Amino acid sequence: MISLLCIVHGVQAAHLIGGEITYNCLGVSTDDPNSNTYEFTINVFRDCQSGGSEFDSPTFFVNMHITVYQGSNQFGVYYLEAPVVEQVDIEENIGNPCIIVPSNICVEQGTYTFELDLPRVGESYHIVYQRCCRNNTINNILSPESSGSTYTIELTPEAQSLCNSSPSFQDYPPAILCAGQPFSYDFSATDADGDQLVYGFCSPYLGGGNSGGGGDPNGVAPDPDLPPPFNNVIFLAPTYTSTSPLGDGADFELNGATGLMTGLPQFEGQFVVGVCVSEFRNGVLLSTVRRDFQFNVTSCEITVFAEIDRDSIVGGDIYVVSSCGETEVTLTNESGLPAFIDSYQWLFPLGVNSIEGADRDFTYDFPGVGTYEGIMVVNPGSTGCTDTAQVLVNIFPGLDSEFSFEYDTCVADAVNFTNLSMSQGSQAIVSNQWRYGNGQAEDIFQNNHLYVDPGAYNVELEIRDENGCVDVSSQVLNYFPVPDLIVISPSEFRGCVPAEIFFDNLSFPINDTYIFDWEFGDGGLGEDLSPTYLYETPGLYTVSLAITSPLGCTTDTTFTDLILMEAAPTPGFSVTPDMLTNFASELQVVDESLGAYRWFYDFNGEATSLLPEPAHLFRDTGQAYITQVVTHPSGCTDSLTQFVDVKPEVTFYFPNAFTPNGDGLNDDFKPKGFTRGFKSYSMKVWNRWGEPLFTGTDPLRGWNGKKNNTGRDQPPGMYLYEAVLIGPRGEKMDYKGMITLIR
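Residues numbered from 1 in each chain as written. Predicted model: local features only at pLDDT ≥ 70, side-chain atom pairs only at ≥ 80, totals over all residues. Heavy atoms only, no water.

What to know about the overall build of the protein
Summing up its helical and strand segments, the protein has three helices and 60 strands in all. A compact globule built from 743 residues would reach a C-alpha radius of gyration of about 27 Å, whereas the protein, at 55 Å, exceeds it by more than 25%. Its C-alpha atoms give the protein principal-axis dimensions of about 150 × 105 × 50 Å. A burial count over the protein gives 45% of its 743 residues as buried. (Helix = DSSP H or I, 4+ residues; strand = E, 2+ residues; numbered from the N terminus. Rg over C-alpha atoms; globule rule 2.2 N^0.38 Å. Buried < 20%, exposed > 50% of the residue type's maximum accessible area, 1.4 Å probe, protein only.)

In structure tokens form, the structure reads like this:
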């Protein structure tokens, strides 16, 4: 058993890329008049670069065998001789000598031929060969590494009675397809009996696997081969199906009548494809040959291709070059690859004469307006790789784009554009594209255009005729008119001095390239487009503005009595006393304002007053504001805010004796005074030998004369104390001294 498993693993490597079975009826058997003699041919294709196993044969690990079924019954198992092996010429198979074949692709064909005498019966024979495995790099089916193949053909009762021979494909299938390159391949077959052949895509069959030994039904080479029905390979739908095996966008088609296969592969990779040819006689199906094959789609390097720089391509392969107004044309050669090109030939028949050239590029002065057909051949006369480009040269009449414009340089009005363009022939101008330089464009013969903003605009006129010829002309338009009307904001202003006013220049068209002369009525001047000006003196002011364009055009406007500045009061006050505490928090305001006739005070949001000199009592300590608002008889107001500090004070002292006798009078040693707002407090008491007797952090809880306030009574005498108090604003206060305990 161990030896058998080793053999299995040695032969299941990916190698099979396709196969098919055909037959030829040689006539009635010489041994039995009720039997026909058939010659069967099995073509098997293998990848000779994959490192897989050899073709099955008596000298290999797996002996080549086929199984024949009559109906559902096994007719016999037959072991075959070694195949005739030949390596496929990939370059010839591609059919294009201009493609460099990748060096990593190698295909061999093994052909097995054998004869069998089969009795003519009323049911079909199935000739079956099953083998695993396919290449594990296949892209379009599920689990290719464990998916084997079934190559089979059915010998129908009708085919037996007619001694029919099956069709045979004429050519080897294409081993390489080039990604992004269209292909056309003749999949046609021949039939010795001249029967009708119909082609179509079909699904390849599964057969064998890698889960058992050589003779196992799921092994690499089932012995006997399993009977029908056979399972199809599982395509990775919806991207891949049996009718679209190369994926979306490949335009994969097979002509049912001719067998011509065409397509445009989009993706590189390896793809399983099935093609069937069915044989009919008088409408009766006689046989179907099923070809199972792996297509290799790769990136191909085309060594020689003919191509020129062009304006367009028509008909798929005709390079069109057009010249407008110029008869001398240079055709630029873009053919490649230069290393594989030895020579060029240009040929243009002109009447009875022909114009020829042998340089890579071709320059010629054609006789005049007209259309000239020619060709460019790469490697002319070569028996190897050559290519031809068809060329169509159009010489069209020229075009002259020209225009003029007119406008009053000082007036902000539309510019009148006049189209002066002409064609040099009889062709019609079909487009007049104006580009005004300000981001706006329109297709019109001529027009008036209004610019919103001033500037130097590059105006273009692009004309196009019915031949597609284009000409462009351009001119610079210096558009710097002055505004028809000077408009500023504010249109009027009444306020109190001092006042900063922003004059917003709303005139148009203007920008920073213009000169602005402002007069603000109080002797002040300005040069900005939209200035800000400070008025400090009461009065009625007339403002004027003159605007000069970069072309020297000028306009001006005077705004009479535009600004009215009213007198304003001057706020001011002082307070007494200048120091406030929590014990003395009332102050008196002393009014020091000027020009006021009404007053308003706000005391830290606690109270307000309309008196000129009010008094106020602050309810809490800390920083507090006082705001004074004064009103002038003109109605102008002004305000002043000042801050006062109401300081918290701590009145704190320790008595020098206490009497802890329980009479409720002076029983505890603790501080006296006002301690509201303190942040922290601590007190310690020691006897005269340094023994600690009390520690407290609450000024309202003192020492009662006992150790830690719970032990035995301490004797009368002198005791040492120390206390630390952190005040409301973080100030530290230290207290030390002696206390007398009296009993």
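The rest of the description comes next.
Points about the state of the cysteines
Under the criterion given, the structure shown has seven disulfides. Shown here is the disulfide that connects C25 with C163, its sulfur atoms set 1.9 Å apart. In this structure the cystine formed by C25 and C163 twists about its S-S bond by roughly -90 degrees; its chirality is therefore left-handed. In this pair, C25 sits in strand β1 (residues 16–28) while C163 sits in the loop between α3 (157–161) and β10 (168–169), placing the two residues 138 residues apart along the sequence. Classification of C163 as partly exposed rests on a relative accessible area of 26%. A disulfide bridge connects C324 with C469, and the sulfur atoms are separated by 1.8 Å. One disulfide, between C324 and C469, carries an S-S torsion of -85 degrees and so falls in the left-handed class. Taken together, the residues C324 in strand β21 (residues 318–324) and C469 in the loop between β35 (455–465) and β36 (470–479) connect sequence positions 145 residues apart. A relative accessible area of 32% places C324 in the partly exposed class. (Disulfide = S-S within 2.5 Å.)

A few points about the pattern of salt bridges
Side chains that differ in sign of charge can pair as their charged atoms come close. One pass over the structure, following the stated rule, counts 16 salt bridges. Notably, a salt bridge pairs R291 with E20, separated by 2.5 Å at the nearest N-O pair. Of this pair, R291 sits in strand β18 (residues 284–298) while E20 sits in strand β1; the two residues are 271 residues apart in sequence, bridging distant segments of the chain. Both residues of the pair, R291 and E20, belong to the buried class. The salt bridge partner of K736 is E722, with a shortest N-O separation of 3.7 Å. (Salt bridge = Lys/Arg side-chain N within 4 Å of Asp/Glu carboxyl O.)

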